[in-house]
Amino acid sequence: MEYIVIRGGKSLSGKIPISGAKNAALPLMAATLLTKQEMVLQNVPALDDIVSMENLLRGLGTEISGKLRIGGSTLKLISDDITDTEAPYELVRKMRASVLVLGPLLARFGNARVSLPGGCAIGNRPVDIHLSGLEQMGATIELKDGYIDAKVLRHKKLQGTHIAFPTVSVGATENLMMAATLAEGETELTNAAREPEIIDLANCLISMGAKIKGHGTDTINIEGVEKLNGVDHRVVSDRIEIGTYAIAACITGGSIDLTGCDGSFLKSLIDALRGSGALIDQYDWGLRVKGPTRPKAIDIMTDPYPGFPTDLQAQMMAYMTGVNGASMITETIFENRFMHVPELNRMGADINVHNSTALVRGVSKLKGAPVMATDLRASVSLVLAGLAAEGETIVSRIYHLDRGYENLVGKLNECGADIKRVRS
Ligand code: UD1
């Protein structure tokens, strides 16, 4: 078993190169299933979730070459000989984003069998919106033995239509947008998600020959085409990684240059950090973040993009535990995303949760402790807390971190953190 040991209290300074976005790379990889031709993806992060998607695609018959390594990898994916259209439980269970193969498989082959992802630590997370959208496009869907059995019987092809999403869903917008590229006629998605990762996916699909308009707004129009072509595409930078290290600079009162990234997608976080007293400058190479000496409390509420990202809520909470005053953090996306709270309280934080709101009263200093978390972003919030705490913090279950942070320990070390991975 591996864990992370941190001796806190060091102010971080230095440079951190930002990796490609996991949440952009995963749907982009699923989009290979829409074409027989080669897809080249650059700037793919070396993460366990990417390996899970590689395994899933290989199981379907996709040929993948290129090795994942730290610093941005190039993968070549060819899906001209898809031999299977089933995504088995063993792979889907590991990663919810596996459900993103459903739309592309159904659009190109007219059938797909994908295991239901089930619940997960941060909430129930159903896929009803994905399924209802595909049904509206003419798919017949049966839920049987824990699997989604989807077929296109009439007309043999998905049919373009108007789909009004009842809730903003990133995954459903991606699944339906991919499915609609090969459907017959025009599809309009309303109340669509507007996340930068969706814009990246749309841009890649357009380079493949798809006809998409309105991506980045809440109404996306897609005119189906006969086939899609190969593509060479660079994955956008990971705004959640940018945000996490920006908070690392703030929580340690340090100064970090985040390079190779675009901060324009992080306005809500930048506004919040500036509100706490941080100095943030944007350059063509990235962002410079200087943490405040006496940080102030600020309130945040998570929301779909361009609101404050739920994937940065836990990290922000770790920061708020040590500021002057009390802040209110409201989580509106997932119903069970405060699992870091008891762990932060064990480190001396003063946090009270009432339903979807947490009241965080700043304390003078956190104290190191052994901690563990049940999901990716909660785990990294404990690492951030450990960087600020007095004494030693031991974070276990670090496989969560390997799912979504490329070279976390190395990047923090480079900025002067006393942090190491230990194998017991
Ligand atoms: C994506 C991100 C995840 C992020 C989340 C919200 C990826 C791979 N993952 O997840 O990191 O935390 O967006 O920004 O990009 N919902 C339903 N029915 C559905 C689909 C969603 O009720 O069919 C609900 C969810 O339970 C949740 C909300 O809608 O409460 C938003 O979820 P969604 O945007 O779909 O998240 P994911 O795409 O799974």
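Here the residue index of a chain counts from 1 through its sequence in written order. Where local features are concerned, this predicted model is filtered to residues with pLDDT of at least 70; where side-chain atom pairs are given and counted, the filter is 80 or more; whole-chain, interface and lining totals use all residues. With hydrogens and water set aside, each side-chain value is computed from the structure's full complement of heavy atoms.

1. A closer look at the layout of surface pockets
Space inside and on the surface of the protein is sampled on a 1 Å grid over the protein atoms alone, with a cavity defined as a set of points where a 1.4 Å probe fits but cannot get out and a pocket as an open set with protein on both sides within 12 Å along at least 5 of 7 lines; lining residues have an atom within 4 Å of a point. Grid points are joined across faces, edges and corners, and a volume is the space filled by probe spheres set on the points. Looking at the second largest pocket, its volume works out to about 410 Å³. Ile251, Pro295, Gly322, Ser364 and Lys365 are the residues nearest the centre of the second largest pocket, which is lined by 23 residues in total. Going through the elements one at a time, helix H8 (239–251), helix H10 (313–320) and helix H12 (376–388) are the ones with two or more residues in the lining of the second largest pocket. Secondary structure elements follow DSSP: runs of H or I no shorter than four residues count as helices, runs of E no shorter than two count as strands, and numbering proceeds from the N terminus.

2. Some words on the site of the ligand
By convention in this text, a residue qualifies as near a molecule or strand provided that one of its non-hydrogen atoms is within 4 Å of it. Close to the ligand lie 18 residues, the nearest being Asp128, Ser169, Val170, Asp311 and Ile333. Polar contacts here mean pairs of N or O atoms no more than 3.5 Å apart (in protein, one a potential hydrogen donor and the other a potential acceptor; neighbouring residues in sequence count only if both atoms are side-chain atoms). Take Asp128: an N or O atom from its side chain is 2.7 Å from a nitrogen atom of the ligand. Only the protein chains shown count as covering a residue, and every accessible area follows the Shrake-Rupley method with a 1.4 Å probe. When the free accessible area of the ligand is taken as 740 Å², the share hidden by the protein chains comes to 84%. Those elements giving two or more residues to the shell around the ligand turn out to be helix H5 (128–136) and helix H6 (170–181). Looking at the shell around the ligand residue by residue, the class counts come to 8 nonpolar, 5 polar and 5 charged. Reported domain spans reflect what an automatic or database domain assignment gives. Counting contributing residues, the shell around the ligand receives three or more from each of domain 1 (2–18 + 238–423) and domain 2 (22–234). Note on residue categories: nonpolar means Ala, Val, Leu, Ile, Met, Phe, Trp, Tyr, Cys or Pro, charged means Asp, Glu, Lys or Arg, and polar means any other residue, Gly included.

3. Section: the nonpolar core
Nonpolar side chains tend toward joint burial in soluble globular proteins. Definition used in this section: a nonpolar core is a set of buried Ala, Val, Leu, Ile, Met, Phe, Trp, Tyr and Cys residues joined via side-chain atoms within 4.5 Å. The buried label goes to any residue with under 20% of its type's maximum accessible area, the exposed label to any with over 50%, and the partly exposed label to all in between, with areas taken from a 1.4 Å probe on protein chains only. Ranked by internal contacts, the top residues of the largest apolar core, which has 76 residues, are Val101, Leu158, Met177 and Leu205. The contact criterion used is simple: two residues touch if any of their non-hydrogen atoms lie within 4.5 Å. Filtering out sequence-adjacent residues up to four positions away, Leu205 remains in contact with Ala31, Leu34, Met177, Met178, Thr181, Ala210, Ile212 and Leu228. Phe308, Met316, Met347 and Val371 belong to the second largest nonpolar core, which has 70 residues in total.

4. Structural notes on the domain arrangement of the protein chain
For the protein chain, the domain assignment lists domain 1 (2–18 + 238–423) and domain 2 (22–234). Between domain 1 and domain 2, the contact holds 22 residues from the first and 22 residues from the second. It is Tyr305, Arg403 and Glu406 in domain 1 that bury the most area against domain 2; as a group they hold 35% of the surface buried on that side. Salt bridges are defined as contacts in which a side-chain nitrogen from Lys or Arg sits within 4 Å of a carboxyl oxygen from Asp or Glu. Across the domain 1-domain 2 interface, the total number found is 2 salt bridges. For Arg239, the salt bridge is made with Glu197, and the minimal N-O distance between the two is 2.8 Å. The tally of links between domain 1 and domain 2 comes to 6 residue pairs in polar contact (both at pLDDT 80 or more). When contributions to the side of domain 1 that touches domain 2 are tallied by element, the ones reaching two or more residues are H12 and helix H13 (399–404). At 3 residues, H13 tops the list of elements feeding residues into the side of domain 1 that touches domain 2. When two parts are put together, the accessible area they lose, computed with a 1.4 Å probe and summed over both, is reported as buried area.

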